[in-house]
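# Secondary and tertiary structure notes
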Amino acid sequence: MSDEPVEEDLRGLPPAAVDRVRHQRASGVRGSLLTAAGAAAIRSVGLEPVGEVFGCVVLTLGWAGGGCGYGYGWNRAMGGGARWTGGIPGTVGGGIAGGTSSGTRMAPPGWQAGYLGGGPIGGWRTPVVVSGDMGSSRFAWARPYAEAVSRAWADAHDRMLTEARALGADGVLGIRRSLTRVAGGGHEYAGLATAVRFTDPTLRRPAQAAPWAATLTPEDCAAAASAGFLPAGVATGYSLALKHEDWQLKQQRGAWNNTEVDGLTELLAAARGDARRTLTLQARRLARAGELVVTSSSLHTGERPCGEEKDMTAEALFVGTVLVPHPAPPARRGRALTVLPLTPPTAAARRRRP
Amino acid sequence: MTQPPDSPDLAQVHLPPDAERRLHRMRAGEGTQLFTSDLSVNEFLLVREAGFRPVGLVLGSSVYHVGLQMARWGRNMEMDRLTQAMYHARELAMTRMEAEAHELGADGIVGVRLEIDFKEFGNDLAEFVAIGTAVVADEPPPTGNTWRNNRGLPFTSDLSGQDFWTLVQAGYAPLGMVMGTCVYHIAHRGPFAALATAGTNVEIEQYTEALYDARELAMSRMQAEAEALSAEGIVGVQLLSLPHRWGGHTTEFFAIGTAVRPLREDHVIATPQLVLPLTDGRW
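Rules and cut-offs
Note that residues are indexed from 1 along each chain, following the sequence as it is written. Working convention: letters from A go to chains and numbers from 1 go to ligands, in the order in which they are written. Reporting of local features is limited, given that this is a predicted model, to residues whose pLDDT is at least 70; pairs of side-chain atoms are given and counted only at 80 or more, and all residues count toward the totals for whole chains, interfaces and linings. Only DSSP runs of H or I covering at least 4 residues are called helices, and only runs of E covering at least 2 are called strands; the numbering of each starts at the N terminus. Counting other C-beta atoms within 10 Å of a residue's C-beta gives its exposure: the residue is buried at 20 or more, exposed at 12 or fewer, and partly exposed in between, where C-beta atoms are placed from the backbone. Our contact criterion uses C-beta atoms placed from the backbone: two residues qualify when those atoms are within 7 Å. Geometry is summarised by axes, namely lines fitted to C-alpha atoms with helices restricted to the contacting stretch, and by angles between N-to-C directions that run from 0 to 180 degrees. Each angle is binned into one of four classes, with values under 35 degrees roughly parallel, values over 145 roughly antiparallel, values of 65 to 115 roughly perpendicular, and all other values oblique. Each crossing gets its handedness from the near helix: less than a right angle anticlockwise from the far helix is left-handed, clockwise is right-handed. Charged means Asp, Glu, Lys or Arg here, nonpolar means Ala, Val, Leu, Ile, Met, Phe, Trp, Tyr, Cys or Pro, and polar covers whatever is left, Gly included. If DSSP finds at least two bridges between two strands, the strands pair.

Residue and element names in this part refer to chain B. Looking at where Gly74 falls in the secondary structure, it is placed in the loop between strand S2 (52-65) and strand S3 (77-78). The exposure class assigned to Gly74 is exposed, which follows from the 11 C-beta atoms found within 10 Å. As a C-alpha pair, Gly74 and Ala89 span 15 residues in sequence and 29 Å in three-dimensional space. For Gly74, the contacting residues outside a window of four places in its chain are Ala187, His188 and Gly190.

Listed below in structure tokens is the structure:
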């Protein structure tokens, strides 16, 4: 480790990464994570690899405090539910249906109207809260967690781009994201990708501009480029949704007959909805017009104790790549070649199996 | 088929307010032309080539509590309550997805995935999800009218973008995903029956019958759905045995495929030629 001052463009990277980038710059040896097919594919659209880039953040994640407090006679505290009419801004499902004192269920906006209420006794339902709006609710304690997770993905991504920029790359592609549990209770959020640049100097990125990024495979990037699209960047939508297990939920889960579990449907829909909203917002920040290709989506559910009862959690994560029109599309050799493979179903077709 | 022949009014399906706002913004365009799709790049390009424009990712989900049903230990029988649950939950998810597509003014949904995910919440709770990409056609079909099916719903198809392109090229259009399901309890064999056949090569008729029956039921239900759509045929059918979490003897037999109709008289495709790909089986 040297004590010499760190170059402007390498600030924020750990010393080991700085050393590696310096070394790579000096030696000119270019690594890549590409397969032979991938390397050939990107060369055909005027891109060449500059090196592999990496960025990671290790976090310990904790929930400050615990439980939302609904477990302890919240019904009395919120009696009548007057303040909650129409829902807390941002909560899905429109707040708690009428207090037991009135015996009537407030008509919540849209979503719930089609469902059976629990009847006068079981009429109360706890709201679903999403991380975008947790500050205004009893779930404020979960906000630091949700923010830490979305920041971790963003930071790991930015570190990777910093390396790419330092290598003089125009973009990174084939990003592989991983979330690993580290011994000792930490979580590692990491991104690994190949940095590439245009062989045509007129297409090089201006010095101040950030490199573009794509979670698409090199082959996909090549297909997109030859069809006149170029990745603009990666959008990530993360959301945490919470709901206290209410009477209706318990009743529906314990039933003998077939029934849709409204509360959980709502919870998962809310997590996905909020994550997709964030995804679209991020994508729009990257480009006003274009195509957002969602490359991965996942949903994890869990339970947390809340007093004697439980809080249900759902975390949704959507990752996508924004494609924008290519500034100088490579000459297209006619229309795409029509090939009907006589081989068994393609990987893409297999992916779509129920 | 338990689905009524008359179509649901998609405008009446309740979507989460978040989804409604998002879809509304997307439809209004709101100064942006940004669309979301979960097609791979190749699929996306092929769908465009086929004359369709992706307008957005659509999704429907339902968390369902599957009821309890007792099976007679030694009897082959359909578990009708479980069958019903599998039907109903999938339908809820599909209808919500279709409603999202309707909201976007879509002509159809391609690349639909129908997934069942058992959550950590409990053994009898499963989430049924339908995800696909809503598309709008650039032009009405050559047969005139609309791309939507005879129930006025956007067409749905679980075919990949590649298969979809091929289908349209060959003069067919998808009508809708059709499915048939049957949850079947296969009888246990008593100790004497097991002893009698021990060490011999014989067909165990009881099992054959059960598996036969269950698959036939699932397939005929799928067929009935296709007939209701006045389809010419069903492509890409898969017949799956999904054990879920009911133990070894209770299994869901699930048939799913895409019902198609002809767009024109001839269905000619290019003459096959030999191509040697340099990739490892990846297209």
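So, on to the packing of helix H2 (residues 36-43) of chain A against helix H5 (residues 218-226) of chain A. All names here are of chain A. One can describe the packing of H2 onto H5 by two numbers: an axis separation of 8 Å at closest approach and a directional angle of 20°. With respect to H5, the axis of H2 lies roughly parallel. In this structure, H2 meets H5 at a crossing whose hand is left-handed. Taken together, the residues of H5 that come into contact with H2 (itself represented by Ala37, Gly38, Ala41 and Ile42) are Pro218, Glu219, Cys221 and Ala222. Residue composition of the contact of H2 with H5, grouped by class: 6 nonpolar, 1 polar and 1 charged.

Below, the discussion takes up the sheet that holds strand S5 (residues 212-213) of chain A. Sheet strands pair via backbone hydrogen bonds, and the direction of the pair is either parallel or antiparallel. Residue and element names in this part refer to chain A. An order of S1-S4-S3-S5 is seen for the 4 strands of this open sheet, with the pairing classed as mixed. Strand pairing shows two members of the sheet lacking a second neighbour, strand S1 (47-60) and S5, which therefore form its edges. In this sheet, strand S4 (residues 186-198) lies alongside S1 in antiparallel orientation, the contact comprising 13 bridges. In the strand pairing of S4, Phe54 is matched with Leu192.

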